[in-house]
Amino acid sequence: MIKIKGLAKPYRITSGSHFQLSKQDPGDTGKFDKKDKKAAEEALSESILHLEDLQDKLYAQDRWAVLLIFQAMDAAGKDGAIKHVMSGVNPQGCQVFSFKAPSAEDLDHDYLWRCMRCLPERGRIGIFNRSYYEETLVVRVHPEFLASQRIPSGLITKNVWKERFEDIRAFERYLTRNGIVVRKFFLNVSKKEQKKRFLERLERPDKNWKFSSADLNERMHWNSYMDAYEDMIRNTATKYAPWYVIPADNKWFTRLVVASAVTDALDTMGLHYPEVGKKQLEQLEKAKASLLNKRETEG
């Protein structure tokens, strides 16, 4: 039986100064063979049950919050990973936000604003499908987007990306110091596998809706995106908010590693149901006795 505890550890980046994306294999499946797919699905089912238990305690304890950030190229499997890994989580304790192109209202604020207003409350798991990191990725690959952000021209210097990385590190440190556990996932899909998935979207009627011509336009900038992702991870991977660079060519393995990272994080938080004091226990006993009293009448 596949065990997922610690499975994500080799893909965890806490200091990115020497990180090289080119040395990461999108097709890697760790010590597992592709024949292990069925066993991996069973292991994922078990981990979902474990996550369900942890999330229930997180919600009841109401002390911590968890923020999971997913970044990737198109067709890397972000939606599927979120759907499968979080399938057992109580909807009351989970919030999912997808960040597309910024609206006019978003552009009237700083670039962190729209994500800050969606941060998870205590006791909840928040999921960002794309995030403020787009401001160091798509905006970097397409400089014209930066020009449309209405930032005073004197503030946009040659150090703009370095400054954004500094601000993001400080922001995530702030979140951590306030009880929001941050885990970030880059689903590392190969260009070859992306092409395969795009063709599948075009050939299967039930997947046509997933395809956009804009996806092909972004694919033309593949190398620029890889450079931007590498620089992003190098500059924002920290012990308090690590990146997980997860091989994404095999969806079954991607989901297993994401599940491992999430449950590992929750396991370290000392989650438990709130303890009931002596006085409250006495009140509970009285309530129980009242309900069991045969003379109880409706009214």
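As the structure is a prediction and not an experimental result, all values here were calculated from the model. (Residues numbered from 1 in each chain as written. Predicted model: local features only at pLDDT ≥ 70, side-chain atom pairs only at ≥ 80, totals over all residues. Heavy atoms only, no water.)

Novice: Can you help me understand the overall build of the protein in this one?
Specialist: Scanning the protein from N- to C-terminus turns up 12 helices and 6 strands. With the principal axes as the frame, the protein shows a C-alpha extent of 75 × 55 × 40 Å. Here the analysis covers contacts within the protein between residues at least 6 apart in sequence; of these, 84% occur between residues at least 24 apart. When the accessible surface of the protein is summed, it comes to about 16,800 Å², and 50% of that surface belongs to carbon and sulfur atoms. (Helix = DSSP H or I, 4+ residues; strand = E, 2+ residues; numbered from the N terminus. Contact = heavy atoms within 4.5 Å. Areas by Shrake-Rupley, 256 points an atom, 1.4 Å probe, with all protein chains shown as cover.)

Novice: I would appreciate a short explanation of the environment of Leu-44 in the present structure.
Specialist: You can see Leu-44 is positioned in helix H1 (residues 37-61). Overall, the relative accessible area of 10% leaves Leu-44 in the buried class. Each C-alpha atom, one on Leu-44 and one on Asp-167, is 36 Å from the other, the two residues being 123 residues apart in sequence. Every residue in contact with Leu-44, bar those within four places of it in the chain, is listed here: His-84, Val-85, Arg-255, Leu-256 and Ala-259. (Buried < 20%, exposed > 50% of the residue type's maximum accessible area, 1.4 Å probe, protein only.)

Novice: I would appreciate a short explanation of unusual backbone geometry in the present structure.
Specialist: Trans is the common state for peptide bonds, and a negative phi is the common state for residues other than glycine. Even without being a glycine, Arg-130 presents a positive backbone phi close to 70°. Structurally, Arg-130 can be placed in the loop between strand S4 (125-129) and helix H5 (138-141). Arg-130 sits in the buried class, given a relative accessible area of 17%. The phi angle at Arg-150 is positive, at roughly 60°, despite the residue not being glycine. Note on Arg-150: relative accessible area 51%, which makes it exposed.

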